[in-house]
Protein chains: 2
Amino acid sequence: MGIVPRKAVLNVKSYQPGKPIEEVKRELGLSNVIKMASNENPLGPSPKAIEAIKKYLGDINMYPEGGCFYLRQAVAEKLKIKPEQLIFGNGSDELIELVLKAFVDEGDEVVVANPTFLMYEVASSVHGAKIKAVPTRYFKYDLKAMKKAVSKNTKVVFIANPDNPNGTYVTKYELEGFLKGIPEDTIVFLDEAYYDYVEERDYPNGLDYLGKNNLIVTRTFSKAYGLAGLRVGFGVSNPEIIKYMETVRDPFNVNSLGQIGAIGALKDKEFLSKSKKMVREGKKFIYAELKAMGVRYVPSVTNFILIELCPKPCGIAERLLKKGVIVRSMKAWGMENFIRVTVGKESENKRFIRELKNIILQGRNIIPPEQ
Amino acid sequence: MGIVPRKAVLNVKSYQPGKPIEEVKRELGLSNVIKMASNENPLGPSPKAIEAIKKYLGDINMYPEGGCFYLRQAVAEKLKIKPEQLIFGNGSDELIELVLKAFVDEGDEVVVANPTFLMYEVASSVHGAKIKAVPTRYFKYDLKAMKKAVSKNTKVVFIANPDNPNGTYVTKYELEGFLKGIPEDTIVFLDEAYYDYVEERDYPNGLDYLGKNNLIVTRTFSKAYGLAGLRVGFGVSNPEIIKYMETVRDPFNVNSLGQIGAIGALKDKEFLSKSKKMVREGKKFIYAELKAMGVRYVPSVTNFILIELCPKPCGIAERLLKKGVIVRSMKAWGMENFIRVTVGKESENKRFIRELKNIILQGRNIIPPEQ
């Protein structure tokens, strides 16, 4: 007789992360591979983060500060909030987990969009939650429909703003309308992982809505700050929600180099504006090229672009992979005719467009389209 | 109306970690503080780990290898096991969490010792498990009594070998006797965090018992390898147990510098034997001094010593703290007349003994005992 897991575990579809460069090199025997699949910052990590980490290396024999004391001070000061409004996670992924662990029992409901960041659903299913998935409309969150989906059994509503994989956002007006009338004991989890890239004026800063409803706003050092490898994210909420999440947190969940690196990166305004500029210019280039090819895409406020490539599944992601360009196949989202590509450095964007063009030309039996 | 957490969460007593040096300096305004409280390696991190990390720093903008590919190869090779028998955690703390998340529903039973590493009970209570705590006898796990405590509702038995805070171990003979007749669907979680320090010949290597029962053996890079700040632990078990634990694991739970550092440390035989030698000699010194003072202690196979100081609670840990020596108060275990001290470098051991002597002398109204 074998071992039997919790019933909920049998129904979990695991998250499939983007392939690491090393893995692609190993599997395909390629040497020159670029990764435009996981929305990392292609400029590398913040140099101030690296500098701070180097100084600390001799102390990694010691356990981390369990409460992220110094990082907490730094973030609180920067965001003009109280330190006790903060909780830190092993990436913002862990904050999803902590909210579920603190508040969601088996059979409780959570509301998500479809498609959206897959971890909401994966993590919720591990906890045995009933998942109500509300379709997006024209590649945007449909907050009105999501609000209708909220019942008295709804413990958490997950909102990615901007959304991944769509790259779109909900406006101030839409968010305010949504928050009005959401039950007080329903937690609104507002995931702002891509906050730093958004430049639209009607994009709401989640922190402005704290205190209204049971809102938790999460952000990360994995994206614009270039520290995905170190796993640091944080949540901002009211001290009561934070208290319960702290209760279920592992005491040393954020490693010390992550804490140290994040403090360094927070100070690195130059790196942040360089990264934003690169994304701005990269999008402009890619948009223009896609338009010229007659390829449809979803205009994005983030550092990635959702691209529609063929009327039916056509394996474009796999074909790009063979050319050493890793993009995200949208198969896991059930959108096989789409790919999601991270905006890269100029040379990477050019290589992606070149390889994409070749594949499309081949698909047209080598008859080039009119220029 | 406030927010309501899961019922189990209301009953959780959080884990209180040892105080970080920086925190003590801040709180007490001290500058020269030594920490002998969290069983860290006072020699620092493995130099080979640091070397490996330095080379990798430019890549921390990328997500970690979700499956710890290279670290997995390295550990599998070293332990002569198959890569698919391994799972990696954000410290071995997370492996406790993953076992519970995969196998333990609310109301299921877990069996632990008392006292032992507190995280078994803390994490189990978050999951709403019924906890059967079996007293240790003469500072040793009582495996016979623990076996009797196992019922058909017991999902997991936690065994720390060696134990923390006792510093003692169960022998091959005792472990074999215990494993015989444990139900097939009960998981035996054998925590070997301090494995590397044990030199006793009748100490069982948990890996020799894999395949018998549903055993999972966990180890860590936090102790002898000196990487507590990086949070890397691993579990070895049969592929079925591993599969379910993988299903509930966050995709990027182990940060990339942790993975890289651990690979470096694994190769560092010199550092490991230096660390073991330091602990061996440090224990000899501390034992001799304690004997000379007439202070009772539990002989330890690990890098820490449990010391009985007074017939009733006497705040020795707090008084040492004021002198800049952080040791572990045993209050959280309900053993207020004990402290647990990590074996340090020679100078640290001497300072600890000096301060302890002073406190004891003061306690005897400054009448020195006969030398």
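See the structure printed just above.
Quick caveat, the model's predicted, so the values are computed rather than measured.

J.: Would you explain the packing of aromatic side chains in this entry?
T.: Any pair of aromatic rings gets described here by the distance separating the centres and the angle formed by the planes. Per the counting criterion, the structure on display carries 30 aromatic pairs over all chains. Their ring planes at 45° and their centres at 6.0 Å tell us that A:Tyr195 and A:Tyr203 sit as a pair that is tilted. An angle of 45° between the planes, with centres 5.2 Å apart, marks the rings of A:Phe221 and A:Tyr225 as tilted. There is no split in this pair, since A:Phe221 and A:Tyr225 are both buried. Through a chain of ring-to-ring contacts, the aromatic side chains of A:Phe88, A:Phe221, A:Tyr225 and A:Phe234 assemble into a single cluster. Sitting over the face of the ring of B:Phe69, A:Arg26 holds its NZ or CZ atom 3.2 Å from the ring centroid. A cation sits over an aromatic face here: B:Arg219 above B:Tyr195, 3.5 Å from the ring centre.

J.: Just checking my understanding: could you explain the pattern of salt bridges for this structure?
T.: Pairing between side chains becomes possible if they bear opposite charge and their charged atoms approach one another. As enumerated under the stated definition, the model contains 36 salt bridges over all chains in all. Here A:Asp93 and A:Arg231 are joined by a salt bridge, their closest N and O atoms 3.9 Å apart. One end of the pair, A:Asp93, is in helix 5 (residues 92-103); the other, A:Arg231, is in the loop between strand 7 (214-220) and strand 8 (233-236), with 138 residues separating them in the sequence. Under the relative-accessibility criterion, A:Asp93 is labelled buried at 10%. Residue A:Glu281 pairs with A:Lys277 through a salt bridge whose shortest N-O separation is 3.5 Å. Highlighted residues: A:Glu281 and A:Lys277, both in helix 11 (residues 269-293), separated by four residues, approximately one helical turn. Judged by relative accessible area, which is 46%, A:Glu281 ranks as partly exposed. Residues participating in the shared-partner salt-bridge network are A:Arg6, A:Glu106 and B:Asp105.

J.: Can you walk me through the nonpolar core in this structure?
T.: When a protein is soluble and globular, its nonpolar side chains tend to lie buried together. In terms of nonpolar packing, the biggest core is built from 196 residues, with A:Met146, A:Phe221, A:Met245, B:Phe221 and B:Met245 touching the most fellow members. If sequence neighbours within four positions are ignored, A:Met245 has contacts with A:Ile87, A:Leu95, A:Leu98, A:Val99, A:Ala102, A:Phe103 and A:Ile216.

What counts and how
- Residues numbered from 1 in each chain as written.
- Chains lettered and ligands numbered in written order.
- Predicted model: local features only at pLDDT ≥ 70, side-chain atom pairs only at ≥ 80, totals over all residues.
- Heavy atoms only, no water.
- Phe/Tyr/Trp six-rings, centres within 6.5 Å; stacked < 30°, edge-to-face > 60°.
- Buried < 20%, exposed > 50% of the residue type's maximum accessible area, 1.4 Å probe, protein only.
- Lys NZ or Arg CZ within 6 Å of the ring centre and 35° of its normal.
- Salt bridge = Lys/Arg side-chain N within 4 Å of Asp/Glu carboxyl O.
- Helix = DSSP H or I, 4+ residues; strand = E, 2+ residues; numbered from the N terminus.
- Core = buried A, V, L, I, M, F, W, Y, C linked by side-chain atoms within 4.5 Å.
- Contact = heavy atoms within 4.5 Å.

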